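Remarks on the overall topology
Spelled out, the chains give:
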Amino acid sequence: HTTFPFEQKVDAVLVNFAVLNCIPDIELLFKKLALAVKPGGIVVALLLDTRLPKRLRSNLRGTVKSLFSGDPVSFHIKYNGQQQLVYLHSGKAIKKALAGNFEFYPGQLSGFGFTLIHLVRK
């Protein structure tokens, strides 16, 4: 968990929802990103919208279960005969995963179903 993944630290990282929403342990992901990003560096991430009304519409049973368990909502998406497990991490879980490593600046892309987050490495 403390192994540096690259020889040099980077100034910025761009994270797509197709990657981030497929990772079950976001705390470990942000710890690894903190190792790779220079202090003052940025991470810009696009996530699937995880606001409660959206989660309830997309997966009622999984959302209710996650409210009690604290686990992210998860479901399978099928595309071109392939199936992929997707995780919807709550804003609270994301903030917790970032604690100590990044400053968190959220933003909404209203009407598009995504949340854009801007992180600055501490």
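Rules and cut-offs
- Residues numbered from 1 in each chain as written.
- Predicted model: local features only at pLDDT ≥ 70, side-chain atom pairs only at ≥ 80, totals over all residues.
- Heavy atoms only, no water.
- Helix = DSSP H or I, 4+ residues; strand = E, 2+ residues; numbered from the N terminus.
- Buried < 20%, exposed > 50% of the residue type's maximum accessible area, 1.4 Å probe, protein only.
- Contact = heavy atoms within 4.5 Å.
- Areas by Shrake-Rupley, 256 points an atom, 1.4 Å probe, with all protein chains shown as cover.
- Core = buried A, V, L, I, M, F, W, Y, C linked by side-chain atoms within 4.5 Å.
- Axes fitted to C-alpha atoms, helices over the stretch in contact; angles between N-to-C directions.
- Parallel < 35°, antiparallel > 145°, perpendicular 65-115°, else oblique.
- Left-handed = near helix turned anticlockwise from the far one by under 90°.
- Nonpolar A, V, L, I, M, F, W, Y, C, P; charged D, E, K, R; others polar.

1. Structural notes on the overall build of the protein
Helix and strand counts for the protein come out as five helices and six strands. Secondary structure of the protein in N-to-C order comes out as β-α-α-β-α-α-β-β-α-β-β. Every one of the 122 residues in the protein was classed for burial, and the buried ones make up 31%. Residue pairs at least 24 apart in sequence account for 64% of intrachain contacts in the protein once pairs closer than 6 positions are excluded. A total accessible area of about 7,900 Å² is found for the protein, and carbon and sulfur atoms account for 59% of it.

2. Some details on the nonpolar core
Membership of the largest hydrophobic core comes to 17 residues, with the highest contact counts inside it found for Phe30, Val43, Ile94, Phe102 and Leu119. Of all the secondary structure elements, the ones that give two or more residues to this core are α2 (26–36), β2 (37–48), α5 (91–98) and β6 (114–121). Each residue touching phenylalanine 30, except ones within four places of it in the same chain, is listed here: Ile94, Ala97, Leu98, Asn101, Phe102 and Leu119. Among the nonpolar cores identified, the runner-up in size contains five residues, and Leu48, Val73, Val86 and Leu88 belong to it.

3. Some words on the packing of α2 against α5
Where α2 contacts α5, the two axes come as close as 8 Å, and the packing angle between them is 40°. Here α5 runs oblique to α2, going by the angle between their axes. Seen along the crossing, α2 lies across α5 with a hand that is right-handed. Here Ile26, Glu27 and Phe30 of α2 lie close against α5, whose contacting residues are Ala93, Ile94, Ala97 and Leu98. Residue composition of the contact of α2 with α5, by class: six nonpolar, no polar and one charged.

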